[in-house]
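Now for the letters of each chain:
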Amino acid sequence: MSVRTYLEELEEKNLSPYATLSRNSRGRERPEEKCDVRTDFQRDRDRIIYSKAFRRLKHKTQVFISPEGDHYRTRLTHTLEVSQIARTIARGLRLNEDLTEAIALGHDLGHTPFGHAGERVLDRMVSKGFKHNEQSVRVVSFLEKDRKGLNLTWEVLDGIQCHTGNRLPATLEGQIIRYADKIAYINHDIEDAIRGGILREEDIPKEAAAILGRSSSQRINNMIVNIIENSGDGQGIRMSREFQEATNLLRDFMFQKVYIGSAAKKEETKAERMLRELFIWLMEHPDYLPDDFRNSIHDVGLEQCVTDYVAGMTDRYAVRKFNEIFVPVSWLE
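Reading the values: rules and limits
- Residues numbered from 1 in each chain as written.
- Predicted model: local features only at pLDDT ≥ 70, side-chain atom pairs only at ≥ 80, totals over all residues.
- Heavy atoms only, no water.
- Helix = DSSP H or I, 4+ residues; strand = E, 2+ residues; numbered from the N terminus.
- Buried < 20%, exposed > 50% of the residue type's maximum accessible area, 1.4 Å probe, protein only.
- Polar contact = N/O pair within 3.5 Å; in protein donor to acceptor, adjacent residues only side chain to side chain.
- Contact = heavy atoms within 4.5 Å.
- 1 Å grid on protein atoms, 1.4 Å probe; cavity = no way out; pocket = protein on both sides within 12 Å on 5 of 7 lines; lining within 4 Å.
- Points joined across faces, edges and corners; volume = space filled by probe spheres on them.
- Phe/Tyr/Trp six-rings, centres within 6.5 Å; stacked < 30°, edge-to-face > 60°.
- Salt bridge = Lys/Arg side-chain N within 4 Å of Asp/Glu carboxyl O.
- Expected span 1.5 Å × (residues − 1).
- Arc of directions from axis to C-beta.
- Patch = residues over 30% accessible without salt bridge, like charges linked within 9 Å, V, L, I, M, F, W, Y side chains within 5 Å.
- Areas by Shrake-Rupley, 256 points an atom, 1.4 Å probe, with all protein chains shown as cover.
- Lys, Arg positive; Asp, Glu negative; His and termini not counted.
- Charge placed at Lys NZ, Arg CZ, Asp CG, Glu CD.
- Axes fitted to C-alpha atoms, helices over the stretch in contact; angles between N-to-C directions.
- Parallel < 35°, antiparallel > 145°, perpendicular 65-115°, else oblique.
- Nonpolar A, V, L, I, M, F, W, Y, C, P; charged D, E, K, R; others polar.

### Looking at the side chain of Arg28
Point 1. Within the secondary structure, Arg28 sits in the loop between helix H1 (3–14) and helix H2 (40–49).
Point 2. Judged by its relative accessible area of 14%, Arg28 is buried.
Point 3. A polar atom in the side chain of Arg28 sits 3.3 Å from the backbone oxygen of Asp40.
Point 4. The contacts of Arg28, once residues within four sequence positions are left out, are Asp40, Arg43, Asp44, Arg47, Asn151, Leu152 and Thr153.

### Description of the layout of surface pockets
Point 1. One number sums up the size of the largest pocket: a volume of about 630 Å³.
Point 2. The wall of the largest pocket is formed by 30 residues, among which His116, Tyr185, Arg251, Phe255 and Tyr259 lie closest to the centre.
Point 3. If you list the elements that add at least two residues to the lining of the largest pocket, you get helix H4 (75–92), helix H6 (115–125), helix H9 (172–195), helix H12 (241–259) and helix H13 (268–284).

### Let's talk about the packing of aromatic side chains
Point 1. Tallying each qualifying case throughout the model produces seven aromatic pairs.
Point 2. Taking 5.1 Å as the distance between ring centres and 55° as the angle between the ring planes, the aromatic pair formed by Phe293 and Tyr309 counts as tilted. Taken together, the residues span a long stretch of sequence, with Phe293 in helix H14 (residues 291–294) and Tyr309 in helix H16 (residues 302–311) at a distance of 16 residues. Exposure class is identical for Phe293 and Tyr309. Each is buried.

### Here we look at the pattern of salt bridges
Point 1. Taken as a whole, this structure holds 34 salt bridges when the rule is applied.
Point 2. The salt bridge partner of Asp44 is Arg28, with a shortest N-O separation of 2.6 Å. Residue Asp44 is located in helix H2, and its partner Arg28 is located in the loop between H1 and H2; the two are separated by 16 residues in the primary sequence.
Point 3. The buried category is assigned to Asp44, whose relative accessible area is 0%.
Point 4. Among the ionic pairs, Arg147 bridges to Asp292, the shortest N-O distance being 3.4 Å. Placement of the pair is Arg147 in helix H7 (residues 132–147) and Asp292 in helix H14, with a sequence separation of 145 residues.
Point 5. Assessed through its relative accessible area of 18%, Arg147 is described here as buried.
Point 6. Linked through salt bridges whose partners overlap, the residues forming this network are Arg38, Arg45, Asp46, Arg87, Arg91, Glu97, Asp98 and Glu101.

### As for the environment of Ile228
Point 1. Looking at where Ile228 falls in the secondary structure, it is placed in helix H11 (residues 216–230).
Point 2. Accessibility expressed as a relative area gives 24% for Ile228, which makes it partly exposed.
Point 3. Excluding its chain neighbours within four sequence positions, the residues that come into contact with Ile228 are Thr88, Ile89, Gly92 and Leu93.

### A few points about H11
Point 1. With 15 residues, H11 should cover 21 Å at 1.5 Å per step; its first-to-last C-alpha distance of 21 Å lies within 8% of that length.
Point 2. Every buried residue of H11 is accounted for by Ser216, Arg219, Ile220, Met223, Ile224, Asn226 and Ile227. Projected down its long axis, H11 carries its buried residues within an arc of 165°, all on one side. Facing away from the buried side of H11 by over 90 degrees, the exposed positions are Ser217 and Glu229.

### Quick word on a positive patch on the surface
Point 1. Together, Lys52, Arg55, Lys58, Arg316 and Arg320 make up a region of like positive charge exposed at the surface.
Point 2. Counting only elements with at least two residues in the positive patch, the list comes to helix H3 (52–56) and helix H17 (315–326).
Point 3. Here Arg320 shows up in helix H17.

### What to know about unusual backbone geometry
Point 1. Even without glycine at this site, Asp146 takes up a positive phi of about 55°.
Point 2. By the element assignment, Asp146 lies in helix H7.
Point 3. The backbone of Arg147 shows a phi angle near 65°, a positive value even though the residue is not glycine.

### Points about the side chain of Asp40
Point 1. Position of Asp40 among the secondary structure elements: in helix H2.
Point 2. Asp40 gets classed as buried once you look at its relative accessible area, which sits at 6%.
Point 3. A polar contact is formed between the side chain of Asp40 and the side chain of Lys34, at a distance of 2.6 Å.

### Quick look at the packing of H7 against H16
Point 1. In contact at an axis separation of 12 Å, H7 and H16 are set at 100° when each is read in the N-to-C sense. By the angle class used here, H7 and H16 are roughly perpendicular. Contacts between H7 and H16 involve Gln135, Arg138 and Leu143 from the first element and Gln304, Asp308 and Ala311 from the second.
Point 2. By residue class, the composition of the contact of H7 with H16 is two nonpolar, two polar and two charged.

### Side note on H17
Point 1. Relative to the 16 Å expected for 12 residues at 1.5 Å per residue, H17 spans 16 Å between its end C-alpha atoms, a close match to the ideal helical length.
Point 2. Turning to H17, the residues buried within the fold contact H13 and H16.

Laid out in structure tokens, this is it:
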């Protein structure tokens, strides 16, 4: 018996009857020989961790653009925090923790530089619109590994695709990510906003704090416990009505006080203008694209190649490319 077979049998023995078993995966687009040691979902998790797109997340904005301090979140630390919250929920419900972790680690791989400011620009510039969840699927299915893709399982792709938007993931593990993502960004963005002097803890709406908790750690713990207590019947991942309403109140508060119009967001206009000009210039000068992107123009079209290139940039790479193209270089005799 291989280690993988032993692990698959442990899943069947120990997980909830509502869990997604790796042995029952719908499989991959391209069939592969099974790993002797890892289940299919463990293999997907490892492929994501070793991808280039995952490493680039460390230099992509979460909320605050180019913060001076070392302790503000980036897209990478946000992803790791989502993974931790999601795995805790999955473990509490005896769902497949490996599948949950793989989806969590891959959910933001297609995110743009400069956070949602960058996503707004591409959504306006691209003829068919732009959604980071769809781009995340494109990254793992096509762009990674020299355009061979990571060939992930159907369940992981479905969870990444549906972690935001109107369509629910087909698995309970994927549904966990929708909640873990919100729990992470609401509470950790509050911490960053307090660190940056944008908020004080006492500014948090009292109605929400009374239900969810009066500190970030209390709120995260209480939200996780509430989800576990209300999701054990296999009919979906959910909070109690009271907790859901308090969470919505807290999210609305963050949009009003931090995400829109706060001092921390004043640089977003510059970032949006910079990405817009980059996109337009690259559409007019495709020869400037790197070889691997330029070579794909015939297959997927120029607009898609420019979209892939700009969306994959880190914040600092985008600034560097903008300077190379638009900022005059000093000339010395």
